[in-house]
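Each chain, letter by letter, is given below.
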Amino acid sequence: MPLTKQFLKSKPEVKVTFAVEKEAAANAEQVMLIGEFTQWQPVELKRMKSGEFKTTLNLPTDGPESFEYCYQFITPEGNTRYENDWQADAYVPSPYGRDNSVVRVIQ
């Protein structure tokens, strides 16, 4: 799951592209990104022609040095599972008995 960052010179933000490769999404109908930067409200990733799911968000660099997040996969049957980013900057334990991915927003 590629995670790419572009630090903006014009404002205190980093443009982060979150992507879930086709293999990682398996048979998911929908992939949602949930994290501290959205107050844990889901943001839907767009399905690309390649089968990859992707979204880009601008995250502030003048606040916390990192944010926690994970992906929510929704299957054709309506089942939900949570997964971490394979290329996250780090992982931290969550209160739900699994780890959350971490994206660092400071260079």
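Below is a short write-up of the structure. What you see as residue numbers is a count from 1 along each chain, following the sequence as written. It should be noted that, the model being predicted, local features are given only for residues of pLDDT at least 70 and side-chain atom pairs only at 80 or more, the latter also being counted only at that level, while totals for whole chains, interfaces and linings use all residues. To obtain the side-chain values, all non-hydrogen atoms of the structure were included, while hydrogens and water were left out.

**Thoughts on the packing of aromatic side chains**
Classification of ring pairs uses Phe, Tyr and Trp, with its six-membered ring standing for Trp, and accepts pairs whose centres are within 6.5 Å; under 30 degrees between planes counts as stacked, over 60 as edge-to-face, and the remaining range as tilted. The tally for this structure, following the rule as stated, stands at 5 aromatic pairs. Aromatic pair Phe18 and Tyr69: ring centres 5.1 Å apart, planes at 70°, arrangement edge-to-face. Remark: Tyr69 occurs in strand S7 (residues 66–74) and Phe18 occurs in strand S2 (residues 13–20); sequence separation between them is 51 residues. Relative accessibility under 20% of the residue-type maximum defines a buried residue, over 50% an exposed one, and the middle range a partly exposed one, all with a 1.4 Å probe and only protein chains included. For Phe18, a relative accessible area of 0% puts it in the buried group. Seen in terms of ring centroids, Phe37 and Tyr69 are 6.2 Å apart; in terms of plane orientation they differ by 45°. Their pairing is tilted. Separated by 32 residues along the polypeptide, Phe37 in the loop between strand S3 (30–35) and strand S4 (43–44) and Tyr69 in strand S7 bring together distant segments of the chain. What makes Phe37 buried here is its relative accessible area of 14%. Every helix listed is a DSSP run of H or I at least four residues long, and every strand listed is a run of E at least two residues long, numbered separately from the N terminus.

**Some remarks on unusual backbone geometry**
Even without being a glycine, Ala26 presents a positive backbone phi close to 55°. Here Ala26 lies in the loop between helix H1 (22–25) and S3. Located in the positive-phi region is Trp40, a residue other than glycine, with phi close to 65°. Owing to a relative accessible area of 37%, Trp40 belongs among the partly exposed residues under this scheme.

**Concerning the pairing of strand S1 (residues 3–7)**
In this scheme, strands are said to pair when DSSP sees at least two bridges between them. As defined by bridge partners, S1 adjoins S2 across 5 bridges and the pair is classed as antiparallel. By the bridge assignment, Leu3 is partnered in S2 with Phe18. Taking the residues between adjacent antiparallel strands as the criterion, S1 and S2 are bridged by 5 residues.

**Overview of the sheet that holds strand S5 (residues 46–47)**
Strands sit in the order S1-S2-S6-S5 across an open sheet of 4 strands; the sheet is antiparallel. Each of the sheet's edge strands pairs with one partner strand only, and the pair in question is S1 and S5.

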